Amino acid sequence: MEGTGQMPKTEAELFAFLADLGIAVSTKRHPPLYTVADSQALRGEIAGGHTKNLFLKDKKDNFFLVTVGEDAIVDLKQIHQLIGAASRVSFGKPEMLMELLGVLPGAVTVFGAINDTEKRVKLVLDQDLMEHAVINAHPLTNEATTSIASADLIRFVEATGHDAAILKVSA
């Protein structure tokens, strides 16, 4: 891994960070989930807004993590205008996902902000998603889902040194 050479934080370290902020979360274990369809099999068991994450980059190597509701429709040809990208965006490569957010494809999560110590990734939370009282996201692994109050999710993002940009990015 390039950059600082730090190992990505573990799920346990994430939970300790949240606890230090006084943020209560609940986490449910499950088999690895790779797709929204896999996740939907757990519906009914976990209440609240469920997330889909887009790890994007523009031509100037600016990186974005856009977190939307699982059913959200996002226009990838237009989203750059909404999120402040320098050009049209494409999906970031898995190695950059690991280097910047410390996660593998299939486990992409807003909680990855804890690993972006150089603040190279701009976080965007979809306005519609944030209307849910509770947001669900993977805790750096796709073998669990963590439920967090939406206000606490914003506190978490800000505690990692990122701005929580809440924008309407879904159709």
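This report concerns the structure included in the present document. (Residues numbered from 1 in each chain as written. Predicted model: local features only at pLDDT ≥ 70, side-chain atom pairs only at ≥ 80, totals over all residues. Heavy atoms only, no water.)

### Focus on the overall build of the protein
Next, step 1: In terms of helices and strands, the protein carries five helices and eight strands.
Next, step 2: Taken over the C-alpha atoms alone, the protein extends approximately 40 × 40 × 25 Å along its principal axes.
Next, step 3: The buried share of the protein, taken over its 171 residues, is 49%.
Next, step 4: The long-range fraction of contacts in the protein, counting pairs at least 24 apart against all pairs at least 6 apart in sequence, stands at 67%.
Next, step 5: Looking at the protein as shown, the accessible area adds up to about 8300 Å², and 53% of this sits on carbon and sulfur atoms. (Helix = DSSP H or I, 4+ residues; strand = E, 2+ residues; numbered from the N terminus. Buried < 20%, exposed > 50% of the residue type's maximum accessible area, 1.4 Å probe, protein only. Contact = heavy atoms within 4.5 Å. Areas by Shrake-Rupley, 256 points an atom, 1.4 Å probe, with all protein chains shown as cover.)

### Describing unusual backbone geometry
Next, step 1: Phi at Asp-61 takes a positive value of approximately 60°, unusual for a residue other than glycine.
Next, step 2: Phi is positive for Leu-140, which is not a glycine, with a value near 75°.
Next, step 3: Positionally, Leu-140 belongs in the loop between β6 (134-137) and β7 (144-149).

### Observations regarding helix α1 (residues 11-20)
Next, step 1: Listed in full, the buried residues belonging to α1 are Glu-11, Leu-14 and Leu-18. Projected down its long axis, α1 carries its buried residues within an arc of 60°, all on one side. Turned more than 90 degrees off the buried face of α1, the exposed positions are Ala-12, Ala-19 and Asp-20.
Next, step 2: Close packing links the buried residues of α1 with β1 (26-29), β7 and α5 (150-159). (Arc of directions from axis to C-beta.)

### Topic: the packing of aromatic side chains
Next, step 1: Per the counting criterion, the structure on display carries three aromatic pairs.
Next, step 2: Aromatic side chains Phe-17 and Phe-156 sit 5.8 Å apart centroid to centroid with 90° between the ring planes, which places their arrangement in the edge-to-face category. You can see Phe-17 sitting in helix α1 and its partner Phe-156 sitting in helix α5, a full 139 residues away along the chain.
Next, step 3: The rings of Phe-17, Phe-111 and Phe-156 are connected pair by pair, giving a single aromatic cluster. (Phe/Tyr/Trp six-rings, centres within 6.5 Å; stacked < 30°, edge-to-face > 60°.)

### Digging into the nonpolar core
Next, step 1: Counting 30 residues, the largest nonpolar core has Phe-55, Leu-101, Phe-111, Val-121, Leu-153 and Phe-156 as the members making the most contacts within it.
Next, step 2: Within the residue set of this core, elements represented by two or more residues are α1, β3 (63-69), α4 (94-101), β5 (121-126), β6 and α5.
Next, step 3: Setting aside residues no more than four positions away along its own chain, Phe-156 makes contact with Leu-14, Phe-17, Leu-18, Leu-21, Ile-23, Val-110, Phe-111, Ala-113 and Ile-114. (Core = buried A, V, L, I, M, F, W, Y, C linked by side-chain atoms within 4.5 Å.)

### With respect to the side chain of Asn-136
Next, step 1: Within the secondary structure, Asn-136 is located in strand β6.
Next, step 2: Residue Asn-136 is classed as buried on the basis of its relative accessible area, which comes to 2%.
Next, step 3: Reaching out from Asn-136, the side chain makes a polar contact with the side chain of His-50 at a distance of 3.4 Å. (Polar contact = N/O pair within 3.5 Å; in protein donor to acceptor, adjacent residues only side chain to side chain.)

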